[in-house]
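Now for the letters of each chain:
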Amino acid sequence: MESKVDFASLSLFPATRAQVEESWCRTWPQWGGTLSLTEYLAREVEMESMDHAKDGKFITWVLAPRDDPTTLNFMCSCETFKRSGLVAYPSSSTSEPNSVHEVTCYAIASVFTPPSKRGRGYASHMMSLLHWVIASRVNLPKFPEAWGAPPEQVAEASEGLFSCLYSDVGEDFYRSAGPGGKEGGWETQGAVSTIWDVGAEEGDDNEWTWLTQEQLNGLWDRDAGRIKKELEKMLTSDTSYEVERPAAFVTCLPTNGVCGFHISRSTDIPGLISKIRQAARRSGIGKVEVWKLGEGLRGIAERTGGQTGIRNEHLPQMMWYGPGTMGNIEWAYNEK
């Protein structure tokens, strides 16, 4: 085990190509599954060229010594994906639409510390520093003197109005990694899942058309337009909200290769669920899980065998960098 390094001597840097590849080699034993190291590295390279990551949207970050930022012996790493999102500010008049604006936001993934460097607070410190490179600094607190100088911002990042991640280490770790240290970090919203057992029934494909990934692109574009229109009409208060009276609604958009969710407004939801389960059976998948299914669809889900409950893994957590506090922000369309 290595001795702990003083936080003031460390900072957050965009990874060099060698550091990116080193981060993949570190994560392969835990996240590689059945892939060989060669296959795992090839998959990561391929993913870099996809729409959701290319053109500077994807950055690997490393926590490293200030006097040796390119070292392969960095403390820990994480990844960010720059995304387009929407923020809707409620109208003061019920006769006027909400004010909706397109904004920059970030998805965070692959937070990893190698076993030899764990237990020293490196990952938590990295996440606290991450706010300072992806967010608009206007509403951030004073940078702690004990941490030295703030990390340098880079052209491909910064100016994010909010960021989100999915935690597999509980709520407290990311919530405690605020931009000023303890607390004030990412807050959990809407950790709700609806799960169906796939079963053995096999339906036919009458009146249904299976789409390719390329054919789905038009649906994501249509969804983005629909989301914007719905945000304009979003009620200022509703029992389904996580926040009693939101000061703003925020959401990431599914376009530009993200395709993370598809808002279905089909009039034949039971039939759609049946086709999803059919596709799962054909792929050898035993369960179908939907995150944050709309309350209006949960009764239909129950009648088709779906069970809805709070989950304790893959927790959706969000950080707001705009005016006000996270406690007044509603994460809309937090679905998958």
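Residues numbered from 1 in each chain as written. Predicted model: local features only at pLDDT ≥ 70, side-chain atom pairs only at ≥ 80, totals over all residues. Heavy atoms only, no water.

So, the overall build of the protein
Thinking step 1. Along the backbone of the protein there are seven helices and twelve strands.
Thinking step 2. Rg of the C-alpha trace for the protein: 21 Å, near the compact-globule value of 20 Å for 336 residues, within the 12% margin.
Thinking step 3. Counting all 336 residues of the protein, 44% fall into the buried class.
Thinking step 4. Excluding contacts between residues fewer than 6 apart, the proportion of contacts in the protein whose partners are at least 24 apart in sequence is 75%.
Thinking step 5. Carbon together with sulfur atoms contributes 51% to the accessible area of the protein, which is approximately 17,200 Å² in total. (Helix = DSSP H or I, 4+ residues; strand = E, 2+ residues; numbered from the N terminus. Rg over C-alpha atoms; globule rule 2.2 N^0.38 Å. Buried < 20%, exposed > 50% of the residue type's maximum accessible area, 1.4 Å probe, protein only. Contact = heavy atoms within 4.5 Å. Areas by Shrake-Rupley, 256 points an atom, 1.4 Å probe, with all protein chains shown as cover.)

Thoughts on the state of the cysteines
Thinking step 1. Applying the stated criterion across every chain yields a total of zero disulfides.
Thinking step 2. The thiol sulfur of C105 is not disulfide-bonded, and the nearest other cysteine sulfur, from C252, lies at 3.6 Å.
Thinking step 3. Residue class for C105 comes out buried when judged on its relative accessible area of 0%.
Thinking step 4. Between C164, a cysteine without a disulfide, and C252, which holds the nearest cysteine sulfur, the sulfur-to-sulfur distance is 3.9 Å.
Thinking step 5. Classification of C164 by relative accessible area gives buried; the value is 4%. (Disulfide = S-S within 2.5 Å.)

A look at the UniProt feature "domain: LYC1 C-terminal" (unreviewed entry) in the protein
Thinking step 1. Summarizing the sequence annotation, UniProt attributes the feature "domain: LYC1 C-terminal" (unreviewed entry) to residues 269–336 in the numbering used throughout.
Thinking step 2. Across residues 269–336, the secondary structure splits into 34% helix and 26% strand, with the terminal C-alpha atoms separated by 16 Å. (UniProt positions renumbered as here; feature names shortened; annotations may be inferred.)

Thoughts on the side chain of K117
Thinking step 1. With respect to the helices and strands, the residue K117 is situated in the loop between β4 (99–112) and α3 (122–134).
Thinking step 2. Discounting residues that sit within four places of it in the chain, K117 has contacts with E2, R26, N73, F74, M75 and Y122.

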